Amino acid sequence: MIRPTRRQALFLIGAMCAAPAVAQTEPPIRLGLTPVFLDNDGAVILRLRAALATGTGRSIELVQRRTYQEVTGMLLEGSVDAAWLCGYPFLQHEDNLALLGVPIWRGEPLYQSYLIVRPDDPATSLSDLRGGTHAYSDPDSNSGWLVTASDVVRMGERPEGFFSRTLFAYGHRNVARSVAGGLTRSGSIDGYVWEALAQVEPELTARTKVIGRSEKLGFPPFVTRKDHVGSTSVDLLRKALFDLGASPDGQAALKLLQLDEITPGNLQLFDGIRARMRDVQGA
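These notes cover the structure that comes with them. (Residues numbered from 1 in each chain as written. Predicted model: local features only at pLDDT ≥ 70, side-chain atom pairs only at ≥ 80, totals over all residues. Heavy atoms only, no water.)

**Section: the packing of aromatic side chains**
Applying the stated rule across the entire model yields 13 aromatic pairs. For the ring pair Trp84 and Phe222, a centre distance of 5.0 Å and an interplane angle of 15° mean the geometry is stacked. Of this pair, Trp84 sits in strand β3 (residues 82–84) while Phe222 sits in strand β12 (residues 222–225), placing them 138 residues apart in sequence. Residue classification places Phe222 among the buried residues on the basis of a relative accessible area of 3%. Look at Tyr88 and Trp145: their rings are 6.3 Å apart centre to centre, the planes differ by 10°, and that puts the pair in the stacked class. Placement of the pair is Tyr88 in helix α4 (residues 87–92) and Trp145 in helix α5 (residues 142–154), with a sequence separation of 57 residues. Three or more aromatic residues joined by ring pairs form one cluster here, namely Tyr88, Tyr136, Trp145, Phe162, Phe163, Phe168 and Tyr170. The cationic tip of Arg213 hangs over the ring face of Tyr114; the distance from NZ or CZ to the ring centre is 4.8 Å. (Phe/Tyr/Trp six-rings, centres within 6.5 Å; stacked < 30°, edge-to-face > 60°. Helix = DSSP H or I, 4+ residues; strand = E, 2+ residues; numbered from the N terminus. Buried < 20%, exposed > 50% of the residue type's maximum accessible area, 1.4 Å probe, protein only. Lys NZ or Arg CZ within 6 Å of the ring centre and 35° of its normal.)

Structure (structure tokens):
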């Protein structure tokens, strides 16, 4: 767990004071999260919970797990009502999952995967990293695995043989730490997270260098099970997500997450991820 800064501690206190009293007669709405984004940031968690409780009139449980596989499993088995997932696991289970909303970052529902090395590394592209060590984020991450794996396939090689050694860091901040600390030569990282870290933890990103950026791809979405669409809990949650900017806690959560808003989105946003999935599956 990351120890909050004094500024974040003030957000925590404010969120606790601002959290609304909600009726306990209805079961809580449960939203699955992973630490893949900004690793257990307590200020974000409390602000988001308070805003969603205000927007739904229900108590909110934000259920965190270490991996996308765990969160996806909870969603598929029905132990959470919805989850903030990556586009890759969403498409892997598209027959059973439905889109709830897509965050807007810097004016678009899109983001990129970044390829990073240390600042003094002479590499300028993926091909220069052949035979080196590499950090991925999560095996079900688009930006933290699929993009690089499919790029290797597009070069006519196999992902499992391109690098001499790979590891899964289970968190994009951990990918940055792996590269910055010299544990691996390179890493695949969510561009949104790298840019967010550049604002809140610039001493970390300053010890890395971006040498590759993917095309823009659909931002990690909020999703639910298809058979939960239309349920009271999911309808309330969807509306609360779209209305985050209407409450002080929602505005604070969006600001901490460096997001503009949550919008309905559409499935076409994820066509680029689909194409990369096909490339890897056909390798």
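Back to the text.
**Description of the side chain of Asn142**
Within the secondary structure layout, Asn142 lies in helix α5. Accessibility expressed as a relative area gives 0% for Asn142, which makes it buried. Beyond its immediate stretch of four places on either side in the chain, Asn142 contacts Cys86, Tyr88, Tyr111, Val147, Leu217 and Ile273. (Contact = heavy atoms within 4.5 Å.)

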